[in-house]
Amino acid sequence: MGSAEKKKMNRRMFIKAGMVGTATALIAPPALADTLQQMAEAERSAFPKPVYRTLGRTGLKITVVSFGAMLTPEPEVIRVAIEQGVNYIDTARKYMGGKNEEIVGKAVKGLRDKVFIASKTLPESKTKAEIIRDVETSLKALETDHLDVIQLHNLTGKERIFIAETREALAQLKKQGKVRFCGVTTHKNEVEVLNALVDDPDRFFDTCLVKYNFKADKEVAAAIDRAASAGIGIIAMKTQAGGYYTTGLGKISPHQAALKWALQNPKVTAAIPGMKDMAQLREDIAVMGMPFTYADERRLDRYAEAIAPFYCTFCGICEAGCPRGVEISTVNRALMYAEGGYRDLSLARATYAELPRQATAAACIDCEGCAARCVNGLDVAAKMERARGVLA
């Protein structure tokens, strides 16, 4: 056996070991591959039967727990998810500096007809040339001839929805068969963005990837209901409210409960929790078909209490009181990427770097006192000081 084949075998064995959680060092080497294969086959029964919903007017039937690939470093994790029936993968041009799309491309090789791929243009791209460039680059990185869904990345208001040049580019890409459907994503001012999609006379965009979790305002749920009723496919992100590790629940994880909370809304087609490894994959897709229970509600109550001192909902209300124009919600989102369940400092700093310097926490240094007030009681000044130390 050649060295390349040995490496492939070692990686396959490693992935199977990750699936079954086996102490492989206790197994004699000659029997290792066969044992892992047998255990992996037996373990497959622990994965639930996939549950599907239809993504609005696109007609795509996707798994209610789909794959958020933003932080996934190994294609094998995505590939195992596909083998278990997960059929919608979300990535973006900016994730990992473009490397994430390459990882997804490796994962779907030979399985492209079994999955729908959604990617995103760069947040700053608006012109026809920029949009076409982003999509062409994504297709090359993913090694595919089309994207099932292309999304405008990180809308903070309705303006980008109505840029004629952007729509012209997307319409051209659809006509060429390089894009099937178009959508948007939003972490902030979700109600404005969702309502704009519905109020658009052309109903140009088909989907919306929206921040939605148990901390969301009722207005967000109402806007989701309105958009879904108009045929917009709704996909939820940030469902675990930062995915923070807390001691408030002992050894009990609140993250399955948070995911079930989002999926109990029938107007939400799917959620795309980020899955770094096999443990997160198993925890998340196990939720398919599970009801949201009273015990889940109590877990979320305790989780909410535990994260209250530092979790930001990105509502942006505090920003109206800031005389410097600091984009506090985006600064806090970057800080969450560093310190929440993401634990990804490079993503955090990349998100922070997208802000103009005058809109970062650096603008707060010489303020005599913070005028911004959080409706949820967060200490904004302390968060900005923390951001300067972690993200600068």
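Structural notes, computed from the coordinates.

As for the overall build of the protein chain
(1) Moving on: The helix and strand inventory of the protein chain stands at 14 helices and ten strands.
(2) Moving on: The buried share of the protein chain, taken over its 392 residues, is 54%.
(3) Moving on: Of the contacts made within the protein chain by residues no fewer than 6 positions apart, 75% connect residues no fewer than 24 positions apart.

Notes on unusual backbone geometry
(1) Moving on: The residue N189 is not glycine, and still its phi comes out positive at about 55 degrees.
(2) Moving on: Its location among the elements puts N189 in the loop between β7 (179-186) and α7 (190-199).
(3) Moving on: Positive phi outside glycine occurs at K238, with the angle close to 55 degrees.
(4) Moving on: Of note, K238 is situated in the loop between β9 (233-237) and α9 (255-263).
(5) Moving on: For K238, a relative accessible area of 11% corresponds to the buried category.

With respect to the layout of surface pockets
(1) Moving on: The space that makes up the largest pocket amounts to roughly 600 Å³.
(2) Moving on: Lining the largest pocket are 35 residues, with Q240, G243, G274, Q280 and G341 sitting closest to its centre.
(3) Moving on: Contributions of two or more residues to the lining of the largest pocket are made by β9 and α10 (278-285).
(4) Moving on: Among the elements that take part in the lining of the largest pocket, α10 stands out by supplying four residues, more than any other.
(5) Moving on: A class-by-class count of the residues in the lining of the largest pocket yields 16 nonpolar, twelve polar and seven charged.
(6) Moving on: If you add up the space inside the second largest pocket, you get close to 360 Å³.
(7) Moving on: As for the second largest pocket, its lining consists of 20 residues, of which P123, N154, T156, E327 and E354 are closest to the centre.
(8) Moving on: Among the elements that line the lining of the second largest pocket, the one with the most residues is helix α12 (residues 328-339), at three residues.

Here's the deal with the sheet that holds β9
(1) Moving on: The strand order across the open sheet built from eight strands is β3-β4-β5-β6-β7-β8-β9-β10, with neighbouring strands paired in parallel fashion. The open sheet is flanked by β3 (67-68) and β10 (270-271), the only strands paired with a single partner.
(2) Moving on: Pairing analysis gives six bridges linking strand β6 (residues 147-155) to β7, with the strands arranged parallel. Of the residues in β7, the one forming a bridge with Q151 is G183.
(3) Moving on: Those strands touched by helix α5 (residues 128-142) are β5 (116-120), β6 and β7, and its axis lies near 125 degrees from that of β6.

Looking at the pairing of strand β8 (residues 207-211)
(1) Moving on: The buried fraction of β8 amounts to five of the five residues, a majority that puts the element mostly inside the structure.
(2) Moving on: Side-chain alternation along β8 places T207, L209 and K211 on one buried face and C208 and V210 on a second face that is also buried.
(3) Moving on: With four bridges joining them, β7 and β8 adopt parallel strand pairing. Counted as the bridge partner of G183 is T207 from β8.
(4) Moving on: Crossover connection from β7 via α7 to parallel β8: handedness right-handed.
(5) Moving on: Of the strand pairs in this sheet, β8 and β9 are connected by five bridges, and their pairing is parallel. For L209, the partnering residue across the bridge sits in β9 and is I235.
(6) Moving on: Crossover β8 to β9 through helix α8 (residues 218-229) is right-handed.

Rules used throughout
Residues numbered from 1 in each chain as written. Predicted model: local features only at pLDDT ≥ 70, side-chain atom pairs only at ≥ 80, totals over all residues. Heavy atoms only, no water. Helix = DSSP H or I, 4+ residues; strand = E, 2+ residues; numbered from the N terminus. Buried < 20%, exposed > 50% of the residue type's maximum accessible area, 1.4 Å probe, protein only. Contact = heavy atoms within 4.5 Å. 1 Å grid on protein atoms, 1.4 Å probe; cavity = no way out; pocket = protein on both sides within 12 Å on 5 of 7 lines; lining within 4 Å. Points joined across faces, edges and corners; volume = space filled by probe spheres on them. Nonpolar A, V, L, I, M, F, W, Y, C, P; charged D, E, K, R; others polar. Pairing = 2+ DSSP bridges. Axes fitted to C-alpha atoms, helices over the stretch in contact; angles between N-to-C directions. Right-handed = clockwise from strand over helix to strand, strands pointing away.

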